[in-house]
Amino acid sequence: MTRASRHAGDQPSRPAAEASSQPSTPNPAPSDTAPTPDPALSDTALPDAALSEASPAAPSETSPALPHAAPSETPRAARAPLRAEAGSGVTDAPARTTVSDIMPSETLPALPHAAPSETPRAARVSLGDEPGSGVTDAPARATVSDAALSEASPAAPSETSPALPSETPRAARVSLGGEPGGAADEPERAALQERPGVVMLVPAVLALAAGLWDLAGPPPWRDEAATVSAAGRTLPQLAHLLQSVDAVHGLYYGLTHVVASLYGTAEVTLRIPSVVAGVLAAAGTGALGRALGVPRAGLYGGVLLALMPIFSRYVQEARPYALTAAAAVGVTLLFVRVMRSPTSAVLAAYAAALTMLAYLNLFAFLIAGAHGVALILSRGPLLRWACAVTPALAAVAPLAWLGSRQSAQVGWIPRPDAEDLGRLAVQMFGDLGGATGPGVAPLTWALALFGLAYAVVAALRRARAARHVEGHATRGLPATAARGERTTAALRTGTTAMQTAVAGQAGTTADRAETTAAGRMEGARAAGAAGRTPAGMAAPALSGQAALVRLTLPWVLVPALVLLTVSWAAQPVYVFRYVFHCVPAAALLAGAGLAALPPGLAAAVLAGWLGLSVPGQVATRGPDGRQDDPRPVMALLASEAKPGDGVLFVPAKVRKYAVVYPPVFRGLRDVALARSPERDGSFSGREVGPRVLASRLSGLRTLWVVGHTGKTGMPDRRRAVVTRSFAPAGRWTFRGLFVERYDARPAHRRSNGAGVGK
């Protein structure tokens, strides 16, 4: 079969003998048979063969191309003789190894006079098309990244079913991105996985299911008790509270106040905003992978995030950390827009989102430092980014000042040690950090490292190809142009008039392409020296596995390293929940590792990962899923305490549970309370001194002491007052809490009785 029959697009194939028997006319009519190339020209090719392979389909049989037609109107049958491919009988491989085999697809320029829709797909991908920019084949953008095409030459079309460049089988395109395309169902599976709706919807649905699963199961621990106490106050009382404590959580408390005003302060009700935030974070992780040009990494990363035990732990509690994670993902999506299109509107939105993130969690503002590192690595618009971060920093400064005045709120944090570092590595990659077995963290580490290694290898290949192209662009352009001229002259003497016109235009196109490629290489060198990316060249941060690593790795490392450094050098401020907003980055990095695997193997690894996550998912919903479990304490008091008994909270902030379980404490006397928490503008309220406490203890038959384990317990003076009149009658210890019972001594009862009668 001749080259013409293999490249005629939608034209029927004919035997070579029949094709060679067609007469030559000065003005040939449209024919469904392309002329046979001259054997003498088989060792010549266009200087940029890759451009001819990316040309649009041939025109219809009723509209032949004229000599002055646009390149998109040139019949493929006429252009086919100019190409030398595998299987065409051409033995001079170096002759066709001109630009297509040495220049990566990411550096191929579009035809200068081609319409935007006619630009070769490889060129459109390399020029930094974003999702939603009109490129409909998102999977092609995602898989042909990191110079994968520069390492693999295009395969020759089949002799029975030639594929045009825009009609390349998806299996072949997927295989260029690191996935096998041999199975018949893999193209459809890959296409399904890379659809925008699937990339975002599947993680969102899984996050919603995991968040609602046994939402009432986890016990409301001490911090959730603070949320219930703050949400149930009036706005003036809430403002009074924030002046003395938890100013950094003011925005979250305002949100929960609205929820409580509408639906009450039940623990499940106040946890719903966190569940919604978890859904948004998982969907946003998928959207982030798609925005970076690796939708399968976004899909897998969103699924991993939605089903991580550590993610479920914070999604199922009434605290701001799930909202902080969702906001961090949203801010990072805006950051990607800033790198690609730093317009005033995008910069303003990014600054506003950064400010809102900091008001949800002050330490989450450290993500701006991670973005700065990613921007430096990507040679992005650093100055414009700084112009957006500066007003956000100014807006956050008052909150930071007010929080510094309330530094006693973090005075309980110990200085981190080696055990904390190990727990950080486990929790950042999905596990609870408790005694739940190996969990998902080791496999998540392996996937993240594989994704990192995959991106590094692709970056090295791209760098090697770029050096090869640069050297070729400076040394080989004159020889390439000469070969193009020889091709044009030979075709004019040995082919029909139509072939002569087409060949002349092809030579002109080759010259233009070479000039454009050389100009772009020169512009790239000049722009690299100036620290910017020239127009028309692929920015390093726009898409691909390498771009994903440049973004997620600083996101995982920078906030945690800053808090750890401050904790070691100055005041301890590191707690894992302060860097929980970095978990989506770890999940996305692991998702990139899954996306680099063949689909079948990726599905098997994901199934194994899901199996490892089950123990952690069960544990986080059990009684040991939080730092303390007040439910058995409340059950004990409800069954044993009698109306009129006294209760003493140690320390005073344990009084928050009286707001969470009002029926339990309704009949008990708070013997130490001097001013209620609402009036005092605090969670603990104000308590009386030892003398007043001694007078309040008189007349009581039983005193119940409720406190946190691991604390110093009652102050010595207060304990002396209690033991003077009461004797210990029992002690119960639960997770994070203890209960002590004191019964009045007989002498104390008799004296109290005589005193009462007088």
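1. Considering the overall build of the chain
Broken down by element type, the chain carries 35 helices and 7 strands. Residues counted as buried form 51% of the 758 residues belonging to the chain. Considering only residue pairs separated by 6 or more positions, the chain has 76% of its internal contacts joining residues 24 or more positions apart. Total accessible area computed for the chain in this model is approximately 31500 Å², and 62% of it derives from carbon and sulfur atoms.

2. So, the pairing of strand S5 (residues 702-708)
When you tally the buried positions in S5, you get 7 out of 7 residues, the bulk of the element. What you see with S5 is no split at all: Thr-702, Trp-704, Val-706 and His-708 on one side and Leu-703, Val-705 and Gly-707 on the other are buried throughout. Relative to S5, strand S1 (residues 646-650) is paired through 5 bridges, and the arrangement is parallel. Residue pairing in the sheet places Leu-648 in a bridge with Val-705 of S5. The pairing of S5 with strand S7 (residues 737-744) spans 7 bridges and is classified as antiparallel. What sits directly across from Gly-707, in S7, is Phe-738.

3. Considering the pattern of salt bridges
Tallying each qualifying case throughout the model produces 15 salt bridges. Arg-313 serves as the salt-bridge partner of Glu-317, at 2.4 Å between the closest nitrogen and oxygen. Across the pair, exposure class does not vary: Glu-317 and Arg-313 are buried alike. Residue Glu-317 is joined to Arg-626 by a salt bridge in which the shortest nitrogen-to-oxygen separation is 3.9 Å. In this pair, Glu-317 is assigned in the loop between helix H17 (309-315) and helix H18 (321-340) and Arg-626 in the loop between helix H28 (599-620) and helix H29 (631-640), connecting sequence segments 309 residues apart. Each member of the pair, Glu-317 as well as Arg-626, carries the same accessibility label: buried. Linked through salt bridges whose partners overlap, the residues forming this network are Arg-655, Asp-670, Glu-687 and Arg-718.

4. Focus on the confidence of the model for the chain
Summary statistics for the chain give a mean pLDDT of 74 and a share of 62% for residues scoring 70 or more. Mean pLDDT values for the elements of the chain range from 37 in helix H9 (residues 170-176) up to 97 in helix H19 (residues 344-360). Within the model, pLDDT remains below 50 along residues 484-541, and this stretch shows 89 contacts once partners closer than five positions in the same chain are excluded.

5. Brief notes about the sheet that holds strand S6 (residues 726-734)
The strand order S2-S1-S5-S7-S6 describes an open sheet built from 5 strands, whose pairing is mixed. The open sheet has two free edges, formed respectively by strand S2 (669-670) and S6, since each of these has just one partner strand. Strands in contact with H29 are S5, S6 and S7; relative to S7, the strand with the most contacts, it is inclined by about 20°.

6. Points about the environment of Ala-592
Looking at the element boundaries, Ala-592 is found in helix H27 (residues 583-595). Residue class for Ala-592 comes out buried when judged on its relative accessible area of 0%. When the C-alpha positions of Ala-592 and Tyr-454 are compared, they lie 8.8 Å apart, and in sequence the two are 138 residues distant. Not counting the four nearest positions on each side in its chain, Ala-592 is found in contact with Ala-297, Gly-451, Gln-545 and Leu-548.

7. Focus on the packing of aromatic side chains
All told, the structure shown has 9 aromatic pairs when counted by the stated rule. Ring plane angle 50° and centroid distance 6.2 Å describe the contact between Tyr-252 and Tyr-253, whose orientation is recorded as tilted. Neither Tyr-252 nor Tyr-253 differs from the other in exposure class; each is buried. With 5.1 Å between their ring centres and 45° between their planes, Phe-363 and Tyr-578 make a pair best called tilted. Placement of the pair is Phe-363 in the loop between H19 and helix H20 (367-378) and Tyr-578 in the loop between helix H26 (545-569) and H27, with a sequence separation of 215 residues. Accessibility expressed as a relative area gives 10% for Tyr-578, which makes it buried. An aromatic cluster of at least three residues, connected via ring pairs, comprises Phe-311, Tyr-314, Tyr-321, Phe-576 and Phe-580. Directly above the ring of Trp-221 sits Arg-313, whose terminal nitrogen or CZ lies 5.4 Å from the centroid. Positioned over the ring face of Phe-683 is Lys-656, at 5.7 Å from the centre of the ring.

8. Side note on the side chain of Thr-355
Mapped onto the elements of the fold, Thr-355 is located in helix H19. Given the relative accessible area of 17%, Thr-355 is considered buried. Ignoring sequence-local partners within four residues, the contact set of Thr-355 consists of Ala-392, Ala-395 and Val-396.

9. Section: the packing of H19 against helix H21 (residues 382-405)
Put simply, H19 and H21 touch, their axes get as near as 9 Å, and they point 30° apart. Overall, the two elements H19 and H21 adopt an arrangement that is roughly parallel. When the axes of H19 and H21 are compared, the crossing they make is right-handed. Contacts between H19 and H21 involve Leu-347, Tyr-350, Ala-351, Leu-354, Thr-355, Ala-358 and Tyr-359 from the former and Arg-384, Trp-385, Ala-388, Val-389, Pro-391, Ala-392, Ala-395, Val-396 and Leu-399 from the latter. Split by residue class, the contact of H19 with H21 holds 14 nonpolar, 1 polar and 1 charged.

10. Some details on helix H12 (residues 222-231)
Among the 10 residues of H12, 10 are classified as buried, and the element is accordingly described as predominantly covered. For H12, the full list of buried residues reads Arg-222, Asp-223, Glu-224, Ala-225, Ala-226, Thr-227, Val-228, Ser-229, Ala-230 and Ala-231. Residues of H12 that are buried make contact with helix H13 (235-242), helix H14 (250-263), helix H15 (267-291), helix H30 (657-660) and S5.

11. Here's the deal with the nonpolar core
In summary, soluble globular proteins display a tendency toward joint burial of nonpolar side chains. Formed by 130 residues in total, the largest nonpolar core has its most connected members in Tyr-350, Leu-354, Met-428, Phe-576, Val-579 and Phe-665. Counting residues per element, this core draws most heavily on H18, which supplies 13 residues. When neighbours within four sequence positions are excluded, Met-428 is seen to be in contact with Val-556, Phe-576, Val-579, Cys-582, Val-583 and Ala-586.

12. Focus on H13
Within H13 the residues assigned to the buried category are Leu-238, Leu-241 and Leu-242. Taken end-on, H13 shows its buried residues confined to a sector of 95°, consistent with a single buried face. The inward-facing, buried residues of H13 abut H12, H14 and H21.

13. Details of the packing of H18 against H20
Orientation of H18 relative to H20, taken along the N-to-C sense of each, is 30°, at an axis distance of 11 Å. Here H18 is positioned roughly parallel relative to H20, judged by the angle of their axes. Once H18 is placed against H20, the crossing between them reads as right-handed. In this structure, H18 uses Ala-328, Val-331, Thr-332, Phe-335 and Met-339 to contact H20, whose residues at the interface are Ile-367, His-371, Ala-374, Leu-375 and Ser-378.

What counts and how
- Residues numbered from 1 in each chain as written.
- Predicted model: local features only at pLDDT ≥ 70, side-chain atom pairs only at ≥ 80, totals over all residues.
- Heavy atoms only, no water.
- Helix = DSSP H or I, 4+ residues; strand = E, 2+ residues; numbered from the N terminus.
- Buried < 20%, exposed > 50% of the residue type's maximum accessible area, 1.4 Å probe, protein only.
- Contact = heavy atoms within 4.5 Å.
- Areas by Shrake-Rupley, 256 points an atom, 1.4 Å probe, with all protein chains shown as cover.
- Pairing = 2+ DSSP bridges.
- Salt bridge = Lys/Arg side-chain N within 4 Å of Asp/Glu carboxyl O.
- pLDDT = per-residue confidence, 0-100.
- Axes fitted to C-alpha atoms, helices over the stretch in contact; angles between N-to-C directions.
- Phe/Tyr/Trp six-rings, centres within 6.5 Å; stacked < 30°, edge-to-face > 60°.
- Lys NZ or Arg CZ within 6 Å of the ring centre and 35° of its normal.
- Parallel < 35°, antiparallel > 145°, perpendicular 65-115°, else oblique.
- Left-handed = near helix turned anticlockwise from the far one by under 90°.
- Nonpolar A, V, L, I, M, F, W, Y, C, P; charged D, E, K, R; others polar.
- Core = buried A, V, L, I, M, F, W, Y, C linked by side-chain atoms within 4.5 Å.
- Arc of directions from axis to C-beta.

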